[in-house]
Structures are given as structure tokens and as C-alpha cells.
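The lines below spell out each chain.
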Amino acid sequence: MTPPTETGLPALAEWTAGGRRLTVRGPRGAHTLFVRQDGPPGGRPVTLLHGFPTSSHDWAAVVPPLAADGCRVTTLDLLGFGESDKPRWHAYSLLEQADLVQAVWQESGVGATALVAHDYGVSVAQELLARDAQRISRSVWLNGGLWADLHRPVAVQRLLHGPLGPLLARAMTERRFAASMRRVLARPVPDTVLHEMWLGIAREDGRLLAPRLLRYIDERRSHAARWGAALEGFPGPMLFVWGPADPISGAHVLARVRERLPHAAVVELAGPPSTGHYPQVESPAEVAAALLGFLQD
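Residues numbered from 1 in each chain as written. Predicted model: local features only at pLDDT ≥ 70, side-chain atom pairs only at ≥ 80, totals over all residues. Heavy atoms only, no water.

Caption draft 1: Region of the structure containing the overall build of the protein. From N to C terminus, the protein includes 14 helices and 8 strands. On C-alpha atoms alone, the protein measures out to a radius of gyration of 17 Å, which is about the 19 Å that the 2.2 N^0.38 rule sets for 297 residues. Overall, the protein is about 50 × 40 × 40 Å in size when its C-alpha atoms are taken along their principal axes. Sorting the 297 residues of the protein into buried and exposed places 58% on the buried side. Relative to all contacts within the protein whose residues are 6 or more apart in sequence, the contacts with residues 24 or more apart total 77%. With an accessible surface of roughly 11400 Å², the protein has 55% of that area assigned to carbon and sulfur atoms. Separation of charge centres in the protein, based on 30 positive and 29 negative side chains, amounts to 5 Å. (Helix = DSSP H or I, 4+ residues; strand = E, 2+ residues; numbered from the N terminus. Rg over C-alpha atoms; globule rule 2.2 N^0.38 Å. Buried < 20%, exposed > 50% of the residue type's maximum accessible area, 1.4 Å probe, protein only. Contact = heavy atoms within 4.5 Å. Areas by Shrake-Rupley, 256 points an atom, 1.4 Å probe, with all protein chains shown as cover. Lys, Arg positive; Asp, Glu negative; His and termini not counted. Charge placed at Lys NZ, Arg CZ, Asp CG, Glu CD.)

Here it is as C-alpha cells:
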């Protein structure tokens, strides 16, 4: 993969060309997921989990420095996202997403791994911790709803999660998506980057899945105690790389991180300018540097 262009990310088509479609079986059937593995086969294992509503392409500017430093980086598009299967009437679940990540690990020969998660991916990662914390050698967390009571979904998420969600999803356009994204980003991101994000969402009418995928909000509440305990009880090294200007899970979440997890390392991307909800897209050099320092320990 070539280095990022002035847009900050390689094109989605180039990112996709470097991966494969892998069929894995979970307890609810087989699904085909987009998976990439970068870096030397014997390198330090690292798994990156993306957020809603985008894809693994969010990590495209961070993966090259990790791979160059000797990490074996596994990225994937979760079910319903990006280049992975997008079954229209599926009952999407964070628990099933964790099943599928475990299946990808098994099929790809990934054993113990560092785990890096953002947004929707943090809940998948917390479920993985709750199941088998010993498999996670160390964990890194970027802006996400680690505690359900602190999650502040933006207006469009609340509407899509409500009874009119299916109708609103049909009305979603690239222009409306970009406007919504601008409300959660704090640093300037070129229109070309948002366009590439939209391409991943729009593939196979993926925009229509938003109401079903947003059921993760309810799952976070249902599993709040278990996932909070898994996070706060994780015995391995922890790093938080956080954009405090994020209206969804910004400085107010970081305050609880410092209160409940005082032993964890924290990199606050306060700028200037400050970073918002997508640190790996808004501030990829800073995120990569933080990860490299942490993963080399």
C-alpha cells in the first residue's frame, strides 16, 4: 500500500485491493468478511476494530507505520460494514460481531494479540475481553462508548435508532452524511476523505442498515455491567488515545477513564487544534506514534 496522499487516506479501492474476502462461521451461520493482514507474518500481532458507520479503511493511514515497525496488523470490516456481507434483514448484534472476530482470528492464525478499538468497535472489544481477557496482550481504546451512561449519540443517530429510522435511512445521501460527520470531527478533514468513507457505507445499499446496526445502543445498556467490569478489570497494559473535542464520547468519557483506570496510559489529542470523534482519521500521525510507543513496550 502506498503512503497516504494529501487527503490523509489512501483511496478505498486501493485499501480493498490489499485484502481478501474470508468466509467464517459464527453461531448464526456463515458470513464473508473483508480482512487485511499487513506487516511481517512473524511480527507482533495487532488487531484493529473500526467504528460505526464506516469501515476498516479508517485505519489506512495508521497501518503502514505499524507494519513497517514489525507489527502483524489484522484489520477487518465487521458484518454490515464496508466490503463485508450486508444481509438486509439481519438482526445485527455486537455479540455476533465478537464471534466473527474470533473466527477471523482462528482462520488467520492469530493467537494472543494486542487489540485496538474505536467507537462501535470498543463494545466488540469489551465483549472479547469479557470472554477471554488472557488472549488480549494489551488494549488500546479510541473514542467510544465505554460506559453506556456516558454515550451521547448525535441527533441523526437518535433519529435513525427510532421508529422512523428505516425511512430516514432511505433519505440518507452523501451530502447529509458529510454534514453529520462534520459535526463530530474537530480537525479539518478533506471532502475526498468523507467521500471515500461514504463509498464504503453506500456499497450494496449499506446505508439502509443503519437502524439495525444502531441496536448496539440497546446492547450497550443491556451489557453495561459486564462490559464495564471487563474493561476495568483488564489485567494487561492499557492505552487511551482520545479526542477530547468529540461531542459523542469526548472529554466527559476521558474524565471517567482517569477516575476509574488511573494506571492506564492516556494520550489526549488536545492540539491545538483539538481532535474529535475520529482520531485515526483526524490525527493519524499522532495516533500512529502513540500506538508505536505503546506496542514496543
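Caption draft 2: Seen up close, the sheet that holds strand β7 (residues 238-242). Read across the open sheet, the 8 strands follow the order β1-β2-β4-β3-β5-β6-β7-β8; overall the sheet is mixed. Edge positions in the open sheet fall to β1 (20-26) and β8 (265-268), since each of these has one partner strand only. Strand after strand, the sheet turns through a mean of 25° between neighbouring axes, direction not considered. Bridging between strand β5 (residues 113-117) and strand β6 (residues 136-142) involves 4 bridges; their strand directions are parallel. From the neighbouring strand, Ala117 faces β6, where its bridge partner is Trp141. Where helix α4 (residues 120-132) meets the sheet, it contacts β3 (44-49), β5 and β6, and its direction lies at approximately 155° from that of β6. (Pairing = 2+ DSSP bridges. Axes fitted to C-alpha atoms, helices over the stretch in contact; angles between N-to-C directions.)

Caption draft 3: Representation of the nonpolar core in the model. Within the largest apolar cluster, 52 residues are counted, with the highest numbers of intra-cluster contacts made by Leu49, Tyr120, Val124, Trp141, Leu146 and Phe240. In this structure, Val124 is in contact with Leu49, Leu78, Leu94, Gln97, Ala98 and Val101, ignoring residues within four places of it in sequence. (Core = buried A, V, L, I, M, F, W, Y, C linked by side-chain atoms within 4.5 Å.)

Geometric descriptors of this kind do not, in isolation, establish any biological role.
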